[in-house]
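Descriptive structure summary
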Amino acid sequence: MFIYLSKKIAIPNNIRLKCVSWNKDQGFIACGGDEGLLKVLKLETQTDDAKLKGLAAPSNLSMNQTLEGHSGAVQVVTWNEQYQKLTTSDQNGLIIVWMLYKGCWYEEMINNRNKSVVRSMSWNADGQKICIVYEDGAVIVGSVDGNRIWGKELKGIQLAHVAWSPDSKILLFGMANGEIHIYDNQGNFIMKMTVSCLHNVTGAISIAGIHWYAGSEGYVEPDCPCLAICFDNGRCQVMRYESDESPVFIDTLMNVASIQWNQCGSVLAVAGSLRGMEKEVNVVQFYTPFGEHLRTLKVPGKQMTEVAWEGGGLRIGLAVDSYIYFANIRPDYKWGYCSNTVVYAYTKPDRLEYCVVFWDTKNNEKFVKYVKSLMSITTSGDFCILATKADDTHPQEDADVESGNNAMYVLVLCNSIGTPLDSKYIDIDPLFVTMTKTHVIAASKEAFYTWQYRVAKKLTAMEINQVSRTRKEGRERVYHIDDSPSGTTEGPLDFAKAFTATRDPICCITATDKTLIVGRESGTIHKYSLPNVALVQKYSLNYRAYQLSLNCTSSRLAIIDISGVLTFLDLEVRSSSDDGSGSQAGTGDPSKFERKDVWDMLWANDNPDLFAMMEKTRMYVFRNLDPEEPIQTSGYICNFEDLEIKSVLLDEIMKDPERPNKDYLINFEIRSLRDSRALIEKVGIEDASQFIEDNPHPRLWRLLAEAALQKLDLKTAEQAFVRCKDYQGIEFVKSLGNLQSEAMKQAEVAAYFGRFEEAERMYLDMDRRDLAISLRIKLGDWFRVLQLLKTGSGDCDDALLEQAYNAIGDYFADRQKWVNAVQYYLQGRNQERLADCYYMLEDYDGLERLASSLPENHKLLPDIGQMFVTVGMCEQTVNAYLKCNQPKAAVDACVHLNQWNKAVELAKNHNMKEINSLLAKYASHLLEKNKPLEAVELYRKAHHFLEAAKLMFKIADEEAKRRTRPLRVKKLYVLAALLVENYHSQVKTSQQNKAKGKTSEATSALAGLLEEDATSSDNRMVDSAWRGAEAYHFFLLAQRQLYEGYMVKAMKTALHLRDYEDIIPVVEIYSLLAICSSANRAFSTCSRAFIKLESLESLSPEQRQLYEDLALEIFTKHSPKNNHMSGLDNAPEGAEGKLPTCIVTGWTISEYQFWMCSVCKHCALENEIGSHNFCPLCHSSLA
């Protein structure tokens, strides 16, 4: 940062000032002094000139009101910014609260304890509460509307200072003896603060100031110190919070009167006088929150009492004797300029990171990037380097893992929209960073690191990744400042040597493509060559450089020292015969040149003798060390080329950094450019060309060429284009020479200068609509092309019209306005883009219509098919693929969408063999994965019912073996049987289709059965498909009847189970029969069941013994004969063999009238089935 005194206001009658306070929001300055003096001033900048903004604008007092009310010396003034109130207090203890009404300040409230004097007052961060401390230990906390919240007398304590914490939960009280006590916001004592900065200090001390920054504009970095405490002996400590055990210590070596943070907590101003001088010298010292000294400002006068920052942080006010001095501050913004983009960083209160804005000034677009712990921004050409502290949470990729050291800092290479292109982790602290077109150089105090960066123009993302992973030897180097490198390539990158201490630290660096300059604190300057770093020469100055800058030929070095003095150093001896312009080169003697109060300077990119510099609020342009007349501005210089200076008003941008305004970027033309322009306008081209001949510069020749073109002076224009090496210009002049008509030439010139409306009008006036159209096509303004095509008389070119429609369609499609794009593509008959639009709009009906309107084998049909596949629309996919004669693709799509039946059908229709193998392959894959039911579903969808049924029977058998849930087993058997039924009907229909109209139904049915016989190897399964289902149906039915108490029915049903010994284990059948018959008191049947059980081979002797014991127990009580009607256990035979069984009750059906299920063909008694809605066996609906 740079600071200089800018204004001085005298207080009438030489009344000495005691205090000054600057309202941060509205800009009012209150100052209090002896004899009850209290004034409110306001500095306003009145300016009509848009370029004069900020500090450059003249400032006058727009308010100067004396506030009457105090009789004694006013000692404390403090603002409440939120409620626009001013609180003041004098030596008699009188407190007055003032309010603003219609532009003037009036008393609102008065309070006087008449006991003691007020030592300090402080409003909390939201302006709701004020804390007032009296010398005698009384503390009062009041609200903004004048009500007392609480009061307290601290016994035997002399109070001197008070401060609120940012969250208003804590109060700090500073005592007269230098102690600081911490209280909560209700006045309860918490603890004494440890003041470590007073270590080994003797004698009486008092507190000069306590200021706790409230974080209203964010913090410079996470966990940044914000509570500053300073003592009158110059010792300071800056803490992160009230009980911080490791604060930052500062010894200012001065007698301190007052301290204050700036508006964003990045700079602490400490005002007072230097110790140990013959006569007292008033100074203000500026520090960072980490205790680094930034600047010293010397102030005239005898005694300085208080310092106050302006709300924007660009000025400070100082109360000295009976004057207020104002000093302007040029902050060190983190900013840079690359390829029409201003890059700047700022902090927000709600985020820990820096917000880095890449503002493209050409298109007025901005790209925002959030960066943690940003240290600096450096720019060059089209790129910028962000230097940051490495984050612990991100492990670095390319840091040397082998060396085991964790890199602390990162250099990120970005392009002009903030996209990171490459990054390097380094161990040295990049306090100073400079950048050329090929190298980045970062320096700490002891060493510097060079990185030859590569920018991949045509590499893919993957290749870039590989490039950045490999640390190429020689691309990165570290040098210690005390070494003398010779330029030969050395071994691997080694940061270890960078940490050796040096007596003479680095203080600034700069570089061009071939030279690196490093400045040291003693005034020594090292010159190294690039790209091979070799120490070429050392220069010694008798002052310490603060900022260095090399001109475009690296022949002259500009040096700004710590106090803002600009001097020059010639690095190359200039021969008088240089370019034949020796007389000019020798005019300025750099050794005698000196300018004061310089805070910014920039060499021209294209002329070694041209530079611009900022001195206070004026910009000077120097040619050969001769100044042109200054321009009032306070902008930072971004760029100087082509005799034009670009300057950016960063102060204005930072007031509202989220909305940068084009007005804040100012272009200044230097004198020779202004003069040439004036000559051309007023005198004529001849004289102007003579002037430019004497002061040659490509920009001036271009100016002349353009002026000559306007006047159609083609000869001069051609010569001028030759002089500024503009090949396109020369070609353009030649093409103009070939045109006959004058009007045509003028139209072409208008188009050349970008006055397209005018050129188009001229073409139309000449009745050359075709030229107007081709001009608009070149510009890509298709809306206008369409307009011109439609408005002309006669028919327009259809191909051109279609092209225009499609181009407008593209315009909307690029902006993702698909609905508008569709309308134009329809008119332009652009089917490919239409398909894309329909797909993006999810208008699948439109896509289907488009597919059906396309001719067969159209190249777009496969793409449309693919679009339908992605959204699972099988039928439309198949239609599209079949239309373009790709049945294979159609089958693949069906398989992909799991529509196997469609796939099999297509394969059959198109004689494709591989579908069956594919099906089998997929099924076996599912079985391997142990997903048999999915395999069944697969076969079922593919209409391979028999395979599905086989699998299903297998699953049912396995489930039956587990002996767990008979109902589930029955369901599985039913499903398998249903699949077999599906197989029967499939065979039948295929036979009917084959024999259509040829034979009778009987023959076709017979043929179907024969085919079934031929194809099915597994006859048992096909013929007796329902056996398993029946077995488990009766097994469940018998138990249900038993539990419901229908013993006879249960026994009858159990008797049927004897036919299913192959499906249900025999033990279970006869055990069930034994239970049912004994419950039914049919002991004969029961005894037969027991005989069967005892004779089973599969039982172990123990189990058989148990059965025998049970039989003995039963049959000793009951004789083995049936009590009821006997003969139950012999199923009656009908005339045609076995009679059917009722599936509802388990009875044998002997009537002629009975019901039969249409699906499973099983029977039931008519009166029994009446109460059912579904078939009890196959569960099909009884429609």
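Each chain has its residues counted from 1, running along the sequence as written. Totals for whole chains, interfaces and linings use every residue, but because this is a predicted model, local features are given only for residues with pLDDT of at least 70 and side-chain atom pairs only at 80 or more, for both listing and counting. Side-chain measures were taken over the full set of non-hydrogen atoms in the model, leaving aside hydrogen atoms and water.

Filter applied, for reference: UniProt positions are given in the numbering used here, feature names are shortened, and annotations may be inferred rather than shown by experiment.
Going by the annotation in an unreviewed UniProt entry, the name recorded for the protein is WD repeat-containing protein 35, with Oncorhynchus tshawytscha given as the source organism. The protein has a UniProt comment under Subunit (unreviewed entry) that states "Component of the IFT complex A (IFT-A) complex. IFT-A complex is divided into a core subcomplex composed of IFT122:IFT140:WDR19 which is associated with TULP3 and a peripheral subcomplex composed of IFT43:WDR35:TTC21B. Interacts directy with IFT122, ITF43 and TTC21B. Interacts with IFT43. Interacts with CFAP61." Among the UniProt annotations of the protein, the heading Function (unreviewed entry) holds the following wording: "As a component of the IFT complex A (IFT-A), a complex required for retrograde ciliary transport and entry into cilia of G protein-coupled receptors (GPCRs), it is involved in ciliogenesis and ciliary protein trafficking. May promote CASP3 activation and TNF-stimulated apoptosis."

1. Observations regarding the pattern of salt bridges
What counts, and what does not: We define a salt bridge as a side-chain nitrogen of Lys or Arg found within 4 Å of a carboxyl oxygen belonging to Asp or Glu. Buried residues are those whose accessible area, probed at 1.4 Å on protein chains only, stays under 20% of the maximum for their type, while exposed residues exceed 50% and partly exposed ones sit between those limits. Numbered from the N terminus, helices here are DSSP runs of H or I no shorter than four residues, and strands are runs of E no shorter than two.
Scanning the model with the defined rule gives 38 salt bridges in all. For Glu615, the salt bridge identified is with Arg618, shortest N-O distance 3.8 Å. We classify Glu615 as buried; its relative accessible area is 9%. Of the charged contacts, one joins Glu760 and Arg776 as a salt bridge, the two residues approaching to 2.4 Å between their closest N and O atoms. In this pair, Glu760 sits in helix α10 (residues 756–765) while Arg776 sits in helix α11 (residues 769–779), placing the two residues 16 residues apart along the sequence.

2. Quick notes on the side chain of Ser444
Going by this rule: Nitrogen and oxygen atoms within 3.5 Å of one another constitute a polar contact, given that in protein one can donate a hydrogen and the other can accept it, and given that sequence-neighbouring residues count only through two side-chain atoms. Every residue pair with non-hydrogen atoms within 4.5 Å of one another is taken to be in contact.
The residue Ser444 is located in the loop between β38 (439–443) and β39 (447–452) in this model. The buried category is assigned to Ser444, whose relative accessible area is 4%. A polar side-chain atom of Ser444 sits 3.3 Å from the main-chain amide nitrogen of Glu446. Ignoring sequence-local partners within four residues, the contact set of Ser444 consists of Ile428, Asp429, Leu431, Phe432 and Ile506.

3. Quick word on the sheet that holds strand β31 (residues 354–360)
This is how the line gets drawn: Strand pairing follows a simple DSSP-based rule, namely that at least 2 bridges must link the two strands. For helices, the fitted line uses only the C-alpha atoms of the stretch in contact; every axis is such a line through C-alpha atoms, and the angle between N-to-C directions lies from 0 to 180 degrees.
Across the sheet, which stays open at both edges, the 4 strands sit in the order β29-β30-β31-β32 with antiparallel pairing between neighbours. Each of the sheet's edge strands pairs with one partner strand only, and the pair in question is β29 (335–338) and β32 (365–371). Sheet twist, expressed as the mean angle between neighbouring strand axes with direction ignored, is 20 degrees. Note: β29 against strand β30 (residues 341–347), 4 bridges, orientation antiparallel. Within the sheet, the bridge partner assigned to Tyr337 lies in β30 and is Val342.

4. Some points on the sheet that holds β38
What the 4 strands build is an open sheet, ordered β37-β38-β39-β40; its pairing is antiparallel. Of all strands in the sheet, those bounded by a partner on one side alone are β37 (432–435) and β40 (476–480). Between one strand axis and the next, the sheet turns by 15 degrees as a mean value, whatever way the strands run.

5. Describing helix α30 (residues 1083–1094)
Applied cut-off: Each residue after the first adds 1.5 Å to the expected span of a helix.
Across its 12 residues, α30 extends 16 Å between first and last C-alpha, which sits within 8% of the 16 Å expected from 1.5 Å per residue. Taken together, the buried positions of α30 are occupied by Phe1083, Ser1084, Thr1085, Cys1086, Ser1087, Ala1089, Phe1090 and Leu1093.

6. What about the UniProt feature "repeat: WD" (unreviewed entry) in the protein?
Under the UniProt annotation, the feature "repeat: WD" (unreviewed entry) is placed at residues 67–98. Strand forms 56% of residues 67–98 and helix 0%; the C-alpha atoms that close the span are 9 Å apart.

7. Re unusual backbone geometry
Here Leu530 and Pro531 are connected by a cis peptide whose omega angle stands at 0 degrees. As for its placement among the helices and strands, Pro531 is situated in the loop between β43 (524–529) and β44 (534–540). With a phi close to 55 degrees, Leu712 is a non-glycine residue in the positive phi region. Checked against the element boundaries, Leu712 lands in the loop between α6 (698–710) and α7 (714–723). The phi dihedral of Asn885 falls on the positive side, at around 60 degrees, and the residue is not glycine. Within the secondary structure, Asn885 sits in the loop between α18 (874–883) and α19 (887–896).

8. Observations concerning the nonpolar core
Condition: What is meant by a nonpolar core is a set of buried Ala, Val, Leu, Ile, Met, Phe, Trp, Tyr and Cys residues, joined one to another through side-chain atoms within 4.5 Å.
By size, the foremost hydrophobic cluster in this structure holds 74 residues, and its most contacted members are Tyr973, Trp1026, Tyr1032, Leu1057, Ile1064, Phe1090 and Cys1175. Other than its neighbours up to four places away in sequence, Phe1090 contacts Ala1074, Tyr1107, Leu1110, Ala1111, Ile1114 and Phe1115. Counting 58 residues, the second largest nonpolar core, distinct from the first, contains Tyr4, Val621, Phe640 and Ile653.

9. A word on the packing of aromatic side chains
Convention followed: What counts as a ring pair is set by centres within 6.5 Å for rings of Phe, Tyr and Trp (its six-membered ring), and what kind of pair is set by the plane angle: stacked under 30 degrees, edge-to-face over 60, tilted for all other angles. Note on criteria: charge over ring means Lys NZ or Arg CZ within 6 Å of the ring centre, with the direction from the centre no more than 35 degrees off the ring normal.
Taken as a whole, this structure holds 36 aromatic pairs when the rule is applied. Relative to Tyr636, the ring of Trp599 lies with its centre 5.0 Å away and its plane at 65 degrees, an arrangement referred to as edge-to-face. Here Trp599 is found in strand β48 (residues 598–603), whereas its partner Tyr636 is found in strand β53 (residues 636–641), with 37 residues between them in sequence. Pairwise contacts between aromatic rings join Phe568, Phe593, Trp603, Phe611, Tyr620 and Phe622 into one cluster. Sitting above the plane of the Tyr323 ring, Lys8 keeps its charged end 4.4 Å from the centroid. A cation over a ring is seen here: Lys42 above Phe28, with NZ or CZ 4.8 Å from the ring centre.

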